[in-house]
Amino acid sequence: MVDVYLDDVFIGSVEKPREFVKTIREERRLAKLPQHLNIIFDKVFNEVYIEMSKGRARRPLIIVENGIPRLTSEKLMKLNSGEITWKELLDLGIIEYVDAAEEENCMIALYESDLTKEHTHLEVSPITILGICSSLIPYSNFGGSSRLIRGSKIQKQAIGIYSSNYLYRMDTDTSILHYSQVPVVNTFMHNIYNYKSHPAGQNVVIAMISFQGYNMQDAIILNKGSVERGFGRSSYFRPYVSEELRYSGGLTDEIVIPDKEVKGYKSEKDYRLLEQDGIVYTGANVKEDDVVIGKTSPPRFLGELEEFSIAANVRRESSTSIKQGEGGRVDNIIITENEEGNRLVQIRIRDERIPEFGDKFASRHGQKGVIGAIIPEEDVPFTARGVKPDILFSPHSIPGRMTISHLIEILAGKTGSLKGEYIDGTTFDAVPEEELRKELSKLGFRDNGTETMYNAITGEQFEAKIYIGNIYYLKLKHMVANKLHARASGRIQLLTRQPIEGRAKGGGLRIGEMEKDCFVAHGASLLLKERFDSDKTILYVCENCGMFAVHEGFKNRKYCSRCGSSVEIYPIEISYAFKLLLDELKSMLINPKLELQNRY
Amino acid sequence: MSKTLFLEYKGIIPDKILDDVREAINDKRIDNVKLKQILDDVKNAYERAKISPGEAIGTITAESFGEPGTQMTLDYFHFAGVAEMNVTLGLPRLIELFDARQSPTTPRMEIYIKNKFNKDPKKIRQIAAKIKETKLREISLEFSINLAKISVEIKLDTKKIKDVGTNFDIISKAIMQDFKGVQVLKEADTVVIKPKPTESSLREVFRIKEKVKDTIISGVKGITHVLPIKKENEFIIICAGTNLADVLKIEEVDDTRTVSNDIMEIQKVLGIESGRQAIINESLKVIEGQGLDIDIRHIMLLADVMTATGRIRGVSRGGISGEKESVLARASFETPIKHLINASLVGERDELNSVIENVILNQPVPLGTGLPQLVVKSEKKK
């Protein structure tokens with residue numbers, strides 16, 4: 001007897017599990033049982049499981065009987081002409097959805113030619129083993145699985161048209177590629193996915209060549225001419241939001257040009273772009289620290305202050321200004337109300353991003369890299385026909401990663417571009433390499449994709465033949481303009497007096513534990529001290545008791561609050577962090593005393 | 001003539017190196033001018049090899065271990081050819097060594113045999129069987145209780161007894177040593193154990209039946225597996241488990257070459273200098289096994305520091321790092337509160353003589369450019 005479980009609940013047992021499972025499946029195919037039912041017989045545990053719960057991933061397969069698929073060519077034609085639908089195929093028991101567990105009981109053939117009598121199912125298409133992103137990679141069966149994974153991840157970071165109504169949206173941190181193109185080398189999935197409506201890359205001419213060392217270590221060199229013609233150009237959008245909050249006592253924020261009396265008034269220059277309503281105008285050219293939404297808030301602790309002072313009873317400045325390192329044009333302004341009924345102003349800033357050193361680009365095969373140089377068009381190597389590549393790609397990026405798909409795409413792209421047609425690069429089902437080579441030969445090119453090239457600086461011919469062709473390149477959303485950061489001096493933390501952390505707040509770059517070790521290992525003792533001077537302070541110490549003394553700067557009076565003013569008090573220079581440590585020790589009832597000594 | 005020249009350099013070049021030079025030029029005809037040149041070159045080379053005062057050798061050593069350490073494979077197990085003989089290598093082993101753990105995760109010994117015996121594989125197998133710890137269960141076929149006679153009957157495996165090289169007398173002696181007051185008799189292939197006839201003897205029989213299985217009949221305690229292998233042109237025995245003291249007592253074992261991978265055991269049996277060498281050897285084995293290259297002087301420095309006090313201290317909270325002089329230095333490395341409170345209880349002074357304390361205080365570190373100090377002779381007051 002074999003136990004049967006329905007959705008993990010024991011419901012009974014059967015004598016002959018195999019036959020039981022078989023009958024259930026037949027009845028499901030005859031639509032007597034629901035189609036979302038899956039059943040398996042687990043040989044190891046000798047149990048039957050029936051699954052009907054939600055949330056299982058299932059996929060369609062063609063049912064096979066005695067080595068013959070139930071989906072005949074006649075049915076296929078009917079399906080093509082629209083006489084029958086997919087649902088009818090399901091109801092007729094030609095196709096069924098199988099979950100991961102039932103798959104264990106199945107024998108699935110990848111191709112129709114592989115079918116034997118033992119097979120129970122046939123794959124609809126071998127591409128179904130891939131997901132959406134990975135099936136968008138052409139010739140991916142010629143590359144390693146790890147590169148395929150990387151390639152799929154990279155496609156998600158590519159800038160394109162992420163939404164066709166982007167002009168009406170207020171998304172944070174988005175980009176739109178200016179001249180996006182449909183890939184010359186596409187896959188079956190591009191059509192299904194309607195990639196044409198939202199492409200995320202451009203077709204470029206790529207040459208596999210090292211050039212002056214600027215494309216070492218995965219860097220790429222861009223042709224300045226291509227950049228000027230619009231390659232990789234994108235717009236970066238960022239919204240700035242401000243809301244008129246309501247406070248107790250009927251007070252509210254006000255979106256206006258702040259009055260000069262307002263506490264925290266910046267400067268007239270910062271407010272220059274605001275119109276009468278306190279909001280910038282569309283099309284204004286804004287730079288960092290410019291106010292885009294002027295706003296004032298009621299004073300804090302209103303009641304208390306009124307009694308003591310008149311001056312403090314003014315409104316506070318709470319405008320929204322452009323973040324550090326950003327800028328651009330005001331693209332769109334939306335003035336609405338939010339769910340609480342407060343007035344809400346949203347301003348979208350658009351910034352044109354021209355490719356620059358450090359911007360990240362990638363092909364669809366996990367071959368990512370940053371721009372190492374943008375060289376003038378006249379210095380870009382050219383072929384005998386006068387073609388100048390848009391990108392110079394380092395050949396050292398190929399052997400270690402074995403991305404053959406990348407190479408084949410270049411060949412296919414070249415053939416497709418020259419013939420003026422799209423090349424199908426669908427995984428397992430692509431135009432074969434031999435055919436591409438034949439076509440190239442016919443077009444009068446070397447069949448291996450290489451061409452004679454010339455050094456444009458010296459005019460000399462390169463000894464090697466250079467592999468050159470067309471490939472679909474993606475601009476990824478990581479741009480230096482969003483990441484670049486440095487500071488000399490700036491805001492510090494209140495507690496430790498050390499610089500604050502983070503780019504957004506204009507923080508410092510940390511000299512960490514290991515960096516410190518480097519200074520030590522070099523014996524650069526005084527430099528080490530200087531680098532840690534960010535929180536140095538001068539404190540006064542009583543020589544008598546070893547505790548911190550008081551120094552009244554304006555009276556130039558020094559005294560120890562314990563020993564009085566008749567003791568010797570000396571200034572010392574230490575890090576504020578150490579002063580904090582001593583204070584914390586005192587709070588732990590440990591009394592640290594400083595014994596002073598002249599060291600130098 | 002040349003003797004005076006050598007005397008001239010005494011104290012400038014260490015005696016050991018001078019001796020080496022003397023030996024090297026011993027039978028060659030070299031005149032004094034050339035000899036002086038040689039000695040000058042040696043002197044220069046020696047001076048160059050010296051490390052200048054204030055060089056942060058500790059930090060450099062730490063970095064020299066730390067950087068290649070990032071390239072090491074984690075959890076790397078190496079099979080030494082035969083199953084059941086996998087050894088911890090890689091980073092885990094290095095950490096284990098520098099922490100000076102009491103016993104390695106995979107204790108291992110390489111037993112060399114004296115020249116007389118190490119060519120004959122048969123003899124080696126015999127020695128190996130002698131070394132291997134054998135328990136009674138391994139040479140027995142069946143353990144049973146005879147309720148009528150109130151005794152334990154053990155059927156022995158005669159073939160295995162021969163392999164191990166024991167006999168009934170040894171077995172009975174071993175049993176009698178473990179269980180006081182029992183009677184051991186021999187009946188053909190069977191050993192009969194009779195406890196003292198008392199009231200509780202029946203319960204005693206059951207107890208003996210289980211316990212007697214683990215009685216060690218022969219071999220060295222702790223050696224769980226042995227594996228004779230051929231190394232170059234001799235046979236050696238590799239074994240899992242270590243017991244250096246007892247193995248070295250065995251007559252056929254070559255006590256000059258036999259090694260264990262347990263640094264603590266080596267230190268206990270052979271002394272601290274051997275312990276230092278063991279640390280160097282074992283670390284080198286790991287580093288070379290990973291295909292890395294760390295200068296041996298770094299390893300030597302580390303081994304020196306670990307063994308300088310006469311016992312092996314690990315580079316950890318309980319070892320070197322926990323025994324630093326400075327309170328602040330100790331507190332900056334693990335369990336700060338413990339160190340601060342203990343220091344305050346006894347009123348410890350921190351002389352601020354080392355690196356970390358001065359970094360905390362933002363003072364120049366007494367290293368490199370921070371080390372030299374200016375001494376000014378002031379004019380005497382009249």
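Conventions adopted
- Residues numbered from 1 in each chain as written.
- Chains lettered and ligands numbered in written order.
- Predicted model: local features only at pLDDT ≥ 70, side-chain atom pairs only at ≥ 80, totals over all residues.
- Heavy atoms only, no water.
- Salt bridge = Lys/Arg side-chain N within 4 Å of Asp/Glu carboxyl O.
- Buried < 20%, exposed > 50% of the residue type's maximum accessible area, 1.4 Å probe, protein only.
- Contact = heavy atoms within 4.5 Å.
- Buried area = accessible area lost by both parts, 1.4 Å probe.
- Polar contact = N/O pair within 3.5 Å; in protein donor to acceptor, adjacent residues only side chain to side chain.
- Helix = DSSP H or I, 4+ residues; strand = E, 2+ residues; numbered from the N terminus.
- Nonpolar A, V, L, I, M, F, W, Y, C, P; charged D, E, K, R; others polar.
- Axes fitted to C-alpha atoms, helices over the stretch in contact; angles between N-to-C directions.
- Parallel < 35°, antiparallel > 145°, perpendicular 65-115°, else oblique.
- Left-handed = near helix turned anticlockwise from the far one by under 90°.
- Pairing = 2+ DSSP bridges.
- Domains from an automatic or database assignment.
- Core = buried A, V, L, I, M, F, W, Y, C linked by side-chain atoms within 4.5 Å.

A. Structural view of the pattern of salt bridges. According to the stated counting rule, one finds 63 salt bridges over all chains in the structure shown. We note a salt bridge from lysine 516 of chain A to aspartate 517 of chain A, for which the minimum N-O separation is 3.4 Å. One salt bridge connects aspartate 295 of chain B with arginine 297 of chain B, and the closest N-O pair in it is separated by 3.2 Å. Judged by its relative accessible area of 33%, aspartate 295 of chain B is partly exposed. Three or more residues are tied together by salt bridges with common partners; here these are Arg25, Glu26, Arg28, Arg29, Glu65, Arg70, Glu96 and Glu102 of chain A.

B. Here's a closer look at the interface of chain A and chain B. Taken together, the contact between chain A and chain B spans 25 residues of the former and 27 residues of the latter. The junction of chain A with chain B conceals about 2200 Å² of combined surface from both sides, 59% of it contributed by carbon and sulfur atoms. Remark: the boundary between chain A and chain B carries one salt bridge. Salt-bridge contacts for arginine 349 of chain B lead to glutamate 595 of chain A; the nearest nitrogen and oxygen are separated by 2.4 Å. Linking chain A with chain B are nine residue pairs in polar contact (both at pLDDT 80 or more). Looking at the side of chain A that touches chain B, the elements that each hand over two or more residues are helix H12 (513–522), helix H13 (525–531), strand E33 (569–575) and helix H14 (576–587) of chain A. In terms of residue count, the dominant contributor to the side of chain A that touches chain B is H12 of chain A (five residues). Here the residues of the side of chain A that touches chain B are counted per class, giving 14 nonpolar, three polar and eight charged.

C. Region of interest: the packing of helix H4 (residues 57–71) of chain B against helix H13 (residues 296–307) of chain B. All names here are of chain B. The interhelical angle for the contact between H4 and H13, taken along N-to-C directions, is 115°, at an axis separation of 10 Å. The pairing of H4 with H13 is recorded here as roughly perpendicular in orientation. Of the two elements, H4 crosses H13, and the hand of that crossing is left-handed. Counted together, Ile57, Gly58, Ile60, Thr61, Ser64 and Phe65 of H4 and His298, Ile299, Leu301 and Leu302 of H13 form the full contact between these two elements.

D. Fine view of the sheet that holds strand E4 (residues 47–51) of chain A. Residues and elements named next belong to chain A. An order of E2-E1-E4-E3 is seen for the four strands of this open sheet, with the pairing classed as mixed. Bordering the open sheet on either side are strand E2 (9–14) and strand E3 (38–42), each of which pairs with just one other strand. Strand-to-strand twist across the sheet, computed as the mean angle between neighbouring axes with direction ignored, equals 20°. Where strand E1 (residues 2–6) lies against E4, four bridges are found, and the strand directions are parallel. In the sheet register, valine 4 faces E4, and the bridge partner there is valine 48. Of the strands in this sheet, E1, E2, E3 and E4 touch helix H1 (residues 17–29), which is tilted by about 165° from E3.

E. Inspection of the domain arrangement of chain A at higher detail. Parsing chain A into structural domains produces domain 1 (2–124), domain 2 (135–165 + 174–233 + 357–475), domain 3 (236–353), domain 4 (497–531) and domain 5 (536–587). Centre-to-centre separation of domain 1 of chain A and domain 3 of chain A, based on C-alpha positions: 63 Å.

F. Fine view of the sheet that holds strand E6 (residues 151–156) of chain B. Residues and elements named next belong to chain B. Ordered by their spatial adjacency, four strands build an open sheet running E5-E6-E8-E7, and the pairing between neighbours is antiparallel. The two strands at the open ends of the sheet, each matched to only one other strand, are strand E5 (140–146) and strand E7 (183–187). Mean inter-strand twist for the sheet, computed between neighbouring axes without regard to direction, equals 20°. Relative to strand E8 (residues 190–194), E7 is paired through five bridges, and the arrangement is antiparallel. From the neighbouring strand, glutamate 187 faces E8, where its bridge partner is threonine 190.

G. Region of the structure containing unusual backbone geometry. All names here are of chain A. For asparagine 194, which is not a glycine, the phi torsion comes out positive at approximately 55°. Within the secondary structure, asparagine 194 sits in the loop between helix H7 (188–192) and strand E12 (202–208). In the Ramachandran plot, phenylalanine 428 falls in the positive-phi region, its phi being about 70° despite a non-glycine side chain.

H. Layout of the nonpolar core. In this structure, Ile111, Ile131, Ile237 and Met306 of chain B are the most contacted members of the largest nonpolar core, which totals 43 residues. No other element matches helix H12 (residues 272–289) of chain B, which puts six residues into this core. If we skip the residues at most four places from it in the chain, isoleucine 111 of chain B touches Ile131, Ile236, Ile237, Cys239, Val247, Val253 and Thr258 of chain B. Ile220, Ile408, Leu440 and Tyr473 of chain A belong to the second largest nonpolar core, which has 25 residues in total.

I. Representation of the pairing of strand E11 (residues 234–240) of chain B in the model. Residues and elements named next belong to chain B. With seven of its seven residues buried, E11 lies for the most part within the structure. Of the two faces of E11, the one holding Glu234, Ile236, Ile238 and Ala240 and the one holding Phe235, Ile237 and Cys239 are both buried throughout. Across five bridges, the pairing between strand E3 (residues 108–112) and E11 is antiparallel. In the strand pairing of E11, methionine 109 is matched with cysteine 239. With seven bridges connecting them, strand E10 (residues 225–231) and E11 associate as antiparallel partners. Pairing of leucine 227 across the sheet is with isoleucine 238, part of E11. Between the end of E10 and the start of E11, which pair antiparallel, lie two residues, with glutamate 232 showing a positive phi angle near 50°.

J. Quick peek at the pairing of E3 of chain A. Residues and elements named next belong to chain A. The buried count for E3 comes to five of five residues, which makes it a mostly enclosed element. Neither face of E3 is open: one carries Asn38, Ile40 and Asp42, the other Ile39 and Phe41, and all of them are buried. When E3 meets E4, the two strands line up antiparallel, connected through five bridges. Bridging across to E4, asparagine 38 finds its partner in glutamate 51. The antiparallel hairpin formed by E3 and E4 contains four residues in its connecting segment, where asparagine 46 sits at a positive phi of about 55°.

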